[in-house]
Amino acid sequence: MPTPMRILLAEDEEIIATIVQDLLQSQGMEVTVCADGLTAWEHLRAKRPGYDVILLDRIMPGMDGMDLLRRIKADPELTHTPVIMETAKDDRDSVREGLTQGAYYYLTKPLQPEVLIAVVQAAVSQANEYRQLVEEVRRAERPLALMCSGSFRFRTLDEGRLLANYLARACPQPERAIQGLQELLVNAVEHGNLGISYADKSALIMAGTWQQEVQRRLELPEYRERHVEVFFQRQADSISLTIQDQGDGFGWQDYLDFSPERAFDPHGRGIAIAHKLSCDRLEFHGNGNTVVATFNLPPAR
């Protein structure tokens, strides 16, 4: 029997806490409720390994959600745990502040059950996926250490994830590189070659049909011959990976940072994760169907 996802909920309003707890438990999740930020912090420090996802109310007695968020993101053992901020303050400045500190998911009060479940499930998937990626990279050897250049071609999401794992091993910090690389390769398939727009993906995730639609499009005549090409190049001081899909491109400028407009959506953080957290440099070219990810190498001794 699979281990249930562990959720820490820091919420001082008892009625809201009960509603959230009941909803998430109905989805098979294990929920621990804390009525203030300080108690939540003590739980986080005491339980190692800890929680898969953290839900924070922004306004709480003692230690508020922003102070707790800063502590979480400053702790090396907690920094990669997804944090969802619950707030009645949905103005841009408040959301931007939370995004800057590392709360990449947002929920606005009053909470909508279907949105709550979708966002928590998205955060759980992110936590699960990152943990699996890191475990795979840690177990692997570095087979590309002597490779100077090379090219790769793939079609499907599974092939893209496999290639991301392989290429991360050539990077100086594989555990840092893996998540950003996977996001870029997955984007090249779903948004690039298959033409699934941001709005399309939002609707598909809410309907629970995203994976089915990806598979359906992979088999359509207009898409089934498309592929993604990846070019690997090692320089004296860096490794660069050029990723090129065969789609129509997109307005990439809007996705380089964590945006207040997308903070309430269950997806849309992949490029920002690659840009801000994984790569040392990320550059899009042309219409957006070509991106170059660069990873700096340590100075030679």
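Structure's up top.
Residues numbered from 1 in each chain as written. Predicted model: local features only at pLDDT ≥ 70, side-chain atom pairs only at ≥ 80, totals over all residues. Heavy atoms only, no water.

Participant: Any chance you could explain the overall build of the protein here in plain terms?
Facilitator: In terms of helices and strands, the protein carries 10 helices and 10 strands. Taking 19 Å as the expected radius of gyration for a compact globule of 301 residues, we find that the protein reaches 20 Å, a close match to that expectation. Taking the principal axes of its C-alpha atoms as reference, the protein extends roughly 55 × 50 × 45 Å. In the protein, buried positions account for 50% of the 301 residues. Restricting the contact set of the protein to residue pairs at least 6 apart, pairs at least 24 apart contribute 65%. Element-wise, carbon and sulfur atoms account for 50% of the exposed surface of the protein, whose accessible area totals about 14700 Å². Separation between the mean location of the 32 positive side-chain charges and that of the 44 negative ones in the protein comes to 6 Å. (Helix = DSSP H or I, 4+ residues; strand = E, 2+ residues; numbered from the N terminus. Rg over C-alpha atoms; globule rule 2.2 N^0.38 Å. Buried < 20%, exposed > 50% of the residue type's maximum accessible area, 1.4 Å probe, protein only. Contact = heavy atoms within 4.5 Å. Areas by Shrake-Rupley, 256 points an atom, 1.4 Å probe, with all protein chains shown as cover. Lys, Arg positive; Asp, Glu negative; His and termini not counted. Charge placed at Lys NZ, Arg CZ, Asp CG, Glu CD.)

Participant: Quick question: what am I supposed to make of the sheet that holds strand S2 (residues 30-34) here?
Facilitator: Two pairing modes exist for strands in a sheet, parallel and antiparallel, and in both the strands are linked by backbone hydrogen bonds. Taken together, the five strands give an open sheet; going across it, the order is S2-S1-S3-S4-S5, and neighbouring strands pair in parallel fashion. One side of each edge strand has no neighbouring strand; the edge strands of this open sheet are S2 and strand S5 (105-108). For this sheet the average axis-to-axis angle between neighbouring strands, irrespective of direction, equals 20°. (Pairing = 2+ DSSP bridges. Axes fitted to C-alpha atoms, helices over the stretch in contact; angles between N-to-C directions.)

Participant: I tried to follow the packing of aromatic side chains on my own but got confused; where do I start?
Facilitator: The description of an aromatic ring pair uses the distance of the two centres, along with the angle that the planes make with each other. Scanning the model with the defined rule gives five aromatic pairs in all. Centre to centre, the rings of Phe152 and Tyr166 are 6.3 Å apart; their planes meet at 75°, and the pair counts as edge-to-face. One end of the pair, Phe152, is in strand S6 (residues 149-154); the other, Tyr166, is in helix H6 (residues 157-168), with 14 residues separating them in the sequence. Tyr166 sits in the partly exposed class, given a relative accessible area of 29%. With centroids separated by 5.9 Å and ring planes inclined at 45°, the aromatic side chains of Tyr198 and Tyr255 adopt a geometry described as tilted. Of the two residues, Tyr198 sits in helix H8 (residues 198-207) while Tyr255 sits in the loop between strand S8 (238-244) and helix H10 (270-278), which places them 57 residues apart along the sequence. Aromatic ring contacts, followed pair by pair, group Tyr198, Phe250, Trp252, Tyr255 and Phe284 into a single cluster. Over the aromatic face of Tyr105 sits the side chain of Arg269, whose NZ or CZ is 3.9 Å from the ring centroid. (Phe/Tyr/Trp six-rings, centres within 6.5 Å; stacked < 30°, edge-to-face > 60°. Lys NZ or Arg CZ within 6 Å of the ring centre and 35° of its normal.)

Participant: I keep staring at helix H9 (residues 210-218) and nothing clicks. Help me out?
Facilitator: Every α-helix winds through 3.6 residues per turn, so residues three or four apart in the chain are directed the same way. Taken as a whole, H9 has its buried residues at Trp210, Glu213, Val214, Arg217 and Leu218. Along the axis of H9, the buried positions cluster into a sector of 135°, meaning they face one direction only. Packed against the buried residues of H9 are H6, helix H7 (174-193) and H8. (Arc of directions from axis to C-beta.)

Participant: Help me understand the sheet that holds S6 in this model?
Facilitator: Spatially, five strands are ordered S6-S7-S8-S10-S9 in an open sheet, and the strand pairing comes out antiparallel. The open sheet has two free edges, formed respectively by S6 and strand S9 (281-285), since each of these has just one partner strand. Ignoring strand direction, the axes of neighbouring strands in this sheet form an average angle of 15°. Note that S9 and strand S10 (residues 290-296) share five bridges and pair antiparallel. Within the sheet, the bridge partner assigned to Arg281 lies in S10 and is Thr294. Against the sheet, H6 engages S6, strand S7 (228-234) and S8, with an angle of about 160° to S6.

Participant: Can you help me understand the packing of helix H2 (residues 37-46) against helix H3 (residues 65-74) in this one?
Facilitator: The description of two helices packed together rests on the angle between their axes and the distance between the axes. Viewed as axis vectors pointing N to C, H2 and H3 meet at an angle of 15°, and their least axial separation amounts to 9 Å. In terms of axis orientation, H2 runs roughly parallel to H3. Note on packing geometry: the crossing formed by H2 with H3 is right-handed. Mapping the contact onto sequence places Gly37, Ala40, Trp41 and Leu44 in H2 and Leu68, Arg71 and Ile72 in H3. Partitioned by chemical class, the residues of the contact of H2 with H3 number five nonpolar, one polar and one charged. (Parallel < 35°, antiparallel > 145°, perpendicular 65-115°, else oblique. Left-handed = near helix turned anticlockwise from the far one by under 90°. Nonpolar A, V, L, I, M, F, W, Y, C, P; charged D, E, K, R; others polar.)

Participant: Just to check I follow, could you spell out unusual backbone geometry for this structure?
Facilitator: Comment: phi is negative for the bulk of residues other than glycine, and the bulk of peptide bonds are trans. Cis geometry marks the peptide bond from Lys109 to Pro110; its omega dihedral reads 0°. Secondary-structure assignment places Pro110 in the loop between S5 and helix H5 (113-139).

Participant: Would you take a moment to explain the packing of H3 against helix H4 (residues 92-101) for this structure?
Facilitator: Two elements in contact, H3 and H4, have axes separated by 9 Å at closest approach and are oriented at 20°. It follows from the interaxial angle that H3 and H4 lie roughly parallel. Of the residues in H4, those in contact with Met66, Leu69, Arg70 and Lys73 of H3 are Glu97, Gly98 and Gln101. For the contact of H3 with H4, the per-class residue count stands at two nonpolar, two polar and three charged.

Participant: Explain the pairing of S2 here, please?
Facilitator: Remark: a regular strand shows side chains that alternate across the two faces of the sheet. Here strand S1 (residues 6-10) runs beside S2; their pairing, made up of five bridges, is parallel. The partner of Ala10 across the bridge, within S2, is Cys34. Crossover S1 to S2 through helix H1 (residues 14-25) is right-handed. (Right-handed = clockwise from strand over helix to strand, strands pointing away.)

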